[in-house]
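Residue-level structure breakdown
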Amino acid sequence: MPSDTLEWSHTRWVTDRPIAGVARLLERVAQRAVGAAEPQEFLKQSLPELLVEFGGEYVAIVRKTPGWQIDIEAGREESFRQRLPTRMLEGVLDRSVGGRTLEGPDRWLAVPMGIGESAVLVLAGERLDSERLGDALAVGRALGLMVSSVRRMVEQSERALRLRKTLELAKAFAGERETLPLLELMAQQATELLNCDRASIFIWDRDAKQVIACPALGMEGGRLWLPDNKGIVGEVIQTGRAIRVDEAYADPRFDQSVDRQTGYHTRTLLCVPMREAGGRCIGAFELINRHGGTFDDEDQSALEDLCIPAAIAVQHTRELDQLVRSNRQLTEQVAGQSRIIGESPAMIALRGTIDRLAATDLPVLILGESGTGKEVAAQSLHYQGPRADHPFIAVNCAALTETLLESELFGHEKGAFTDAHIARAGKFELADGGTLFLDEIGDMSPGGQAKLLRVLEQKVITRVGGTQAIPTNVRVIAATNSNLAEAVRDKRFRQDLYYRLSVVTVDLPPLRDRPEDVLPLARHFLELFSRQAKRPGLELSVDARRRLQAHAWPGNIRELRNLMERVAFLVSGPRVEVDDLAFILAPEKDSYDELGEGVGLTEATNRFQQDYITRAIRRVQGNMSEAARLLGLHRSNLYRKMRQLDMEVDEAKP
């Protein structure tokens, strides 16, 4: 058999099919296991259902003794019995992982069952879905557990009832699509199943080196963040071994700080690791204070069984959470929204700066007039860096009052204020692992500035109406079109927050200062909106290009983008002519066009100079120093000239 036809996998159970489909199969099989007298009869009745679920033609359980012996089989035995892929079966036992391969026209799946060290579940068929190796791994392991349970069924009726309850819980778990409610459901059901006082599930965040407990009874918000190397839970996830404690306060590994904080007294404890189908630890399941005694081997075995569907369901919901949170970000990225367009020296330098900054977590303050592309620059920093697979969340600080801003950024607990009917995560929590873009930061209220500074320094947030400190892992990028340095001098913006945000400052020049970028931007937007309008790409005529370059663009890139969007949808021909721009970029009427007969040269000259100076000042949005530079004058000479022309002069302007 060619080596490239054989594949090994620790595949997780993540499919496009509802997880409840396999859960129902396992529930039916488990119900049969409860009434079975011996394993062979149980397997003989159950294997045909596996063929239906996986779309195969042959199924068998084989064992190494030392050759390969078929314990039980179903389906087209004669057609497949002689073609067992023995090389793959050897690998399954040696590596304790699943395998898939192609033997002639048929597909084969083989997964370990965990019965002793030699049993392998084999599926085959021409139309077998080989992409469901992850499902087969989970089913094989669960089937192996059921076989072991059947062997002890007569003497351990309580154990059998627990197993059935576990599979019933698996079905209930499959119906939950949000991670936190799922964890709470698991903990509640585990306390009833295993007759204990409390239960918590700890999810391991390897990157942050912490575990998140939910529910954490007695803690604000019902959650708790702990280091991943602390206490009994830390030892369980680090070693992968279960721990039972009969007297918690006598065990030096037990961390008493949570008990002291909540006033609860832990006596007995059982903690087991939760694993993905491939064996990788994703957290721990902990039970506290068994009613009527201490936890025993049966309790540990039952909790380990419960961890199988629990881990599968947790992994499924976490994948779903990630898909929901990142869907909009991926769409924006594919659409090219974060590209920096332009060939001017300023844009070339900007791309180089972003390339250097993207790989860091340094706070960045982006300055520039409205419409210069500050959010696009922030997206470029995000998508070119290591946080690209996590959310990019933008907040317009100018659009929110102080009260709304706090709730928007930090979230709120249920009942924190009127209409707070449910708890809601804030933007910092939603952006966890990614980037939070704070636009118009200069318009943030003083109270909001103080709270933001505390979060940036301590890297924790507290929801409105709550007291639980929630760790945050977010890169903050801020932007403003106002002069923050001047706002600091005028006591309108906190100096300490300004220094915290402006570790690196990026200044985006207005479009009027880089006319060579007008046409590349116009072509980019025309191509983008032509696709949206489902029409062939539009070309710009020579006169249209000249007209675009002659415009001052007071609205900067946003104005150009909006113009190209309207043109793409409204122009009927294959090319954009200057007349297509006239109704939007109508030239201002020159004052000297109104000069009639009898107007002397001196008056005409004065009118022209007045109009020319007015246009220059308007072009730089009232900045007199920039207007003087544009006119080739010293600022004091510009004021003198304006007085000579009887123009209004405000020397207080910059």
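Just so you know, these numbers come straight off a predicted model, no measurement behind them.

Another point: the overall build of the protein. Regarding its fold elements, the protein presents 24 helices and 21 strands. When burial is assessed residue by residue, the protein has 49% of its 654 residues classed as buried. A fraction of 66% describes how many contacts in the protein between residues 6 or more apart in sequence connect residues 24 or more apart. Just so you have it, the protein exposes about 31600 Å², and 48% of that area is on carbon and sulfur atoms.

This paragraph deals with the nonpolar core. Counting 33 residues, the largest nonpolar core has F42, L47, L121, L123 and L143 as its most contacted members. Residue assignment for this core shows that the elements contributing at least two residues are helix 1 (19–35), helix 2 (39–54), strand 2 (58–64), strand 3 (68–75), strand 5 (106–112), strand 6 (119–125) and helix 5 (133–151). When residues in this core are grouped by element, the largest group, 9 residues, is from helix 5.

Further remarks concern the environment of T294. By the element assignment, T294 lies in the loop between strand 12 (281–290) and helix 10 (297–334). Note on T294: relative accessible area 39%, which makes it partly exposed. Along the chain, T294 and T268 lie 26 residues apart, while their C-alpha atoms are 6.1 Å from each other. Among all residues touching T294, those that are not within four sequence positions of it are D246, T268 and D299.

This structure, assessed with the given rule, holds 7 aromatic pairs. Look at Y249 and F254: their rings are 5.7 Å apart centre to centre, the planes differ by 35°, and that puts the pair in the tilted class. On the basis of relative accessibility, which here comes to 31%, the residue Y249 falls in the partly exposed class. For F254, a relative accessible area of 12% corresponds to the buried category. For the ring pair F392 and F437, a centre distance of 6.1 Å and an interplane angle of 20° mean the geometry is stacked. Taken as a pair, F392 in strand 14 (residues 392–396) and F437 in strand 15 (residues 435–439) lie far apart in primary sequence, 45 residues in all. As far as burial versus exposure is concerned, F392 and F437 are alike and both buried.

Let us look at the pairing of strand 19 (residues 504–507). Burial along strand 19 is one-sided: the residues V504 and V506 are buried and none of T505 and D507 is. Sheet topology note: the strand 13 (residues 364–367)/strand 19 ladder contains 4 bridges and is parallel. Opposite L365, over in strand 19, you have T505 as the bridge partner.

Glancing now at the packing of helix 2 against helix 5. The relative placement of two packed helices comes down to the angle between their axes together with the axis-to-axis distance. Between helix 2 and helix 5, the least distance of the axes is 11 Å, while the angle of their chain directions is 165°. With respect to helix 5, the element helix 2 is oriented roughly antiparallel. Both helix 2 and helix 5 take part in a crossing whose hand is right-handed. In contact with P39, F42, L43, L47, L50 and F54 of helix 2, helix 5 contributes D135, A136, V139, L143, M146, V147, V150 and R151. Within the contact of helix 2 with helix 5, the residues separate by chemical class into 12 nonpolar, no polar and 2 charged.

Turning to the sheet that holds strand 14, a few remarks are in order. Read across the sheet, 5 strands follow the order 14-15-18-13-19 without closing on themselves; strand pairing throughout is parallel. Each end of this open sheet is capped by a strand with a single partner; those strands are strand 14 and strand 19. Pairwise comparison of adjacent strand axes, ignoring direction, gives a mean angle of 20° for this sheet. In the sheet, strand 15 pairs with strand 18 (residues 475–480) via 4 bridges, with the strands oriented parallel. Bridging from a neighbouring strand, L438 pairs with A478 of strand 18. In this fold helix 12 (residues 374–383) packs onto strand 13, strand 14, strand 15 and strand 18, with an angle of close to 155° to the strand it touches most, strand 14.

Right, let's get into the packing of helix 18 (residues 518–532) against helix 19 (residues 542–550). At a closest axis distance of 10 Å, the pairing of helix 18 and helix 19 adopts a crossing angle of 115°. Of the two elements, helix 18 crosses helix 19, and the hand of that crossing is right-handed. For the pair helix 18 and helix 19, contact is made by V518, L519, A522 and R523 and by R545, L548 and Q549, respectively. In the contact of helix 18 with helix 19, the residues fall into 4 nonpolar, 1 polar and 2 charged.

With that settled, consider the sheet that holds strand 8 (residues 210–214). What the 6 strands build is an open sheet, ordered 9-8-7-12-11-10; its pairing is antiparallel. Every other strand in the sheet has two partners, leaving strand 9 (224–227) and strand 10 (243–245) as the edge strands with one partner each. Strand-to-strand twist across the sheet, computed as the mean angle between neighbouring axes with direction ignored, equals 20°. Sheet analysis places strand 10 next to strand 11 (residues 269–275), joined by 3 bridges and oriented antiparallel.

Here we take up unusual backbone geometry. Here N289, not a glycine, exhibits a phi torsion of approximately 60°, which is positive. Following the sequence through the fold, N289 ends up in strand 12. The phi dihedral of D646 is positive, around 60°, even though this residue is not glycine. If you trace the backbone, D646 turns up in the segment after helix 24 (635–644). For D646, a relative accessible area of 73% translates into the label exposed.

Right, let's talk about the confidence of the model for the protein for a bit. Low-pLDDT stretches of the model should not have their predicted coordinates read in fine detail. Averaged over every residue, the pLDDT of the protein is 80; residues scoring 70 or more account for 83%. Ignoring residues within four places in sequence, the model shows residues 586–594, a span with pLDDT below 50, making 11 contacts including any to other chains.

Looking now at helix 4 (residues 86–95). Helical periodicity: at 3.6 residues per turn, an α-helix aligns residues three or four positions apart in one direction. Every buried residue of helix 4 is listed here: M88, L89, G91, V92 and L93. Where helix 4 terminates, the next one or two residues include S96, which has phi positive at roughly 55°.

Here we take up the pattern of salt bridges. Following the criterion strictly, the structure yields 32 salt bridges and no others. The salt bridge partner of R76 is E57, with a shortest N-O separation of 2.1 Å. On the criterion of sequence distance, the pair formed by R76 in the loop between strand 3 and helix 3 (77–80) and E57 in the loop between helix 2 and strand 2 is long-range, its members being 19 residues apart. Among the residues examined, R76 registers a relative accessible area of 43% and is labelled partly exposed. Among the residues examined, E57 registers a relative accessible area of 16% and is labelled buried. Between R492 and D490 there is a salt bridge, with the nearest N and O atoms lying 3.4 Å from each other. Connected through shared salt-bridge partners, R28, R32 and E49 make up one network.

Another aspect to go through is the pairing of strand 11. As a general feature of sheets, a regular strand has side chains that alternate between the two faces. Buried residues dominate strand 11, accounting for 6 of its 7 residues. Pairing of strand 11 with strand 12 involves 7 bridges; the strand directions are antiparallel. Residue pairing across strands places R275 opposite C281, the latter belonging to strand 12. Connecting strand 11 to the next strand, strand 12, in antiparallel fashion are 5 residues, including G279 with a positive phi near 100°.

Moving on to the environment of V59. By the secondary structure assignment, V59 is in strand 2. For V59, a relative accessible area of 0% puts it in the buried group. Residues V59 and P48, 11 residues apart in the sequence, show an inter-C-alpha distance of 7.7 Å. Setting aside its immediate chain neighbours within four residues, V59 contacts L47, L51, I72, E73, A74, L121, V122 and L123.

Thresholds, definitions, all that
- Residues numbered from 1 in each chain as written.
- Predicted model: local features only at pLDDT ≥ 70, side-chain atom pairs only at ≥ 80, totals over all residues.
- Heavy atoms only, no water.
- Helix = DSSP H or I, 4+ residues; strand = E, 2+ residues; numbered from the N terminus.
- Buried < 20%, exposed > 50% of the residue type's maximum accessible area, 1.4 Å probe, protein only.
- Contact = heavy atoms within 4.5 Å.
- Areas by Shrake-Rupley, 256 points an atom, 1.4 Å probe, with all protein chains shown as cover.
- Core = buried A, V, L, I, M, F, W, Y, C linked by side-chain atoms within 4.5 Å.
- Phe/Tyr/Trp six-rings, centres within 6.5 Å; stacked < 30°, edge-to-face > 60°.
- Pairing = 2+ DSSP bridges.
- Axes fitted to C-alpha atoms, helices over the stretch in contact; angles between N-to-C directions.
- Parallel < 35°, antiparallel > 145°, perpendicular 65-115°, else oblique.
- Left-handed = near helix turned anticlockwise from the far one by under 90°.
- Nonpolar A, V, L, I, M, F, W, Y, C, P; charged D, E, K, R; others polar.
- pLDDT = per-residue confidence, 0-100.
- Salt bridge = Lys/Arg side-chain N within 4 Å of Asp/Glu carboxyl O.

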